[in-house]
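Residue-level structural notes
Given next are the chains, with one letter for each unit.
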Amino acid sequence: MTEQQKVGKTATTELDEIARTQKLDMVVGFEGEPNVVPTPKPNEIWYHGRRGDVLFTEGRPAFFARSSDDVRFFSEERGEGIPNIISRTLDIKNPARARNLDSAIKETGATEQDVLANSPYSGENFIDYLYVPKVVARLKEMGFDGYVGGDVVGQMDIQIAVPFDVAQIKVG
């Protein structure tokens, strides 16, 4: 094998690994199209919606989406009070992805009962496991400071980001 063939083989192998890894992070949504959600950029605006005052509590996940339209449902259906959509920047530098969340769920032995005990959700949605403290603790141990991925809300695919610390949520 020539040196050029070796270099070509290495590059192809690396590209194959990148493609395989990204495929594990692709979430096929309502529209049937897989996508990989990009890491939040510095000063990029993200949106959070709910009824009433928007307060973030350490230890509770705060879900953000790239579009205000994507959080409108939550502003109208979650909580009590007047619908509210806020914009913030997120300081997430090393987000976990779907494959990492899946590993953390398996490694901690988290179940739907854990989701029910820590959230208003049933655990049928994969990302509901971000409400389980031992899952987030494991992701932090793995070196992650947040989560990015896809979600299906109603009949829309949305891109979400969840910082693991309220200090990562910035008024932008």
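Structure's up top.
Now for a look at the structure at hand. Computed from a predicted model, the values in this text were never measured in an experiment.

**A few points about the packing of aromatic side chains**
Within this structure, the stated rule accounts for three aromatic pairs. With centroids separated by 5.5 Å and ring planes inclined at 45°, the aromatic side chains of Tyr 121 and Tyr 131 adopt a geometry described as tilted. Of this pair, Tyr 121 sits in the loop between helix H4 (112–118) and helix H5 (133–141) while Tyr 131 sits in the loop between H4 and H5, placing them ten residues apart in sequence. Of the two residues examined, Tyr 121 and Tyr 131, each falls in the buried class.

**Here's the deal with the nonpolar core**
Counting 25 residues, the largest nonpolar core has Leu 101, Leu 130, Val 135, Leu 139 and Tyr 147 as the members making the most contacts within it. Mapped by element, the contributors of at least two residues to this core are helix H3 (98–108), H5 and strand E8 (156–163). Ranked by residues supplied to this core, first place goes to H3 with four residues. When residues no more than four places from it in sequence are discounted, the contact partners of Leu 139 are Ala 96, Asn 100, Leu 101, Ala 104, Leu 130, Phe 144 and Phe 164. Counting residues in each nonpolar core, the second largest holds nine residues, with Val 37, Ala 62, Ile 92 and Ile 169 among its members.

**A look at the side chain of Glu 44**
Along the chain, the position of Glu 44 falls in the loop between strand E2 (34–35) and strand E3 (45–51). Of the polar contacts made by the side chain of Glu 44, one reaches the side chain of Trp 46; its length is 3.3 Å. The residues touching Glu 44, leaving out its near neighbours within four places in the chain, are Thr 39, Arg 66, Arg 88, Thr 89 and Leu 90.

The rules we used
- Residues numbered from 1 in each chain as written.
- Predicted model: local features only at pLDDT ≥ 70, side-chain atom pairs only at ≥ 80, totals over all residues.
- Heavy atoms only, no water.
- Phe/Tyr/Trp six-rings, centres within 6.5 Å; stacked < 30°, edge-to-face > 60°.
- Helix = DSSP H or I, 4+ residues; strand = E, 2+ residues; numbered from the N terminus.
- Buried < 20%, exposed > 50% of the residue type's maximum accessible area, 1.4 Å probe, protein only.
- Core = buried A, V, L, I, M, F, W, Y, C linked by side-chain atoms within 4.5 Å.
- Contact = heavy atoms within 4.5 Å.
- Polar contact = N/O pair within 3.5 Å; in protein donor to acceptor, adjacent residues only side chain to side chain.

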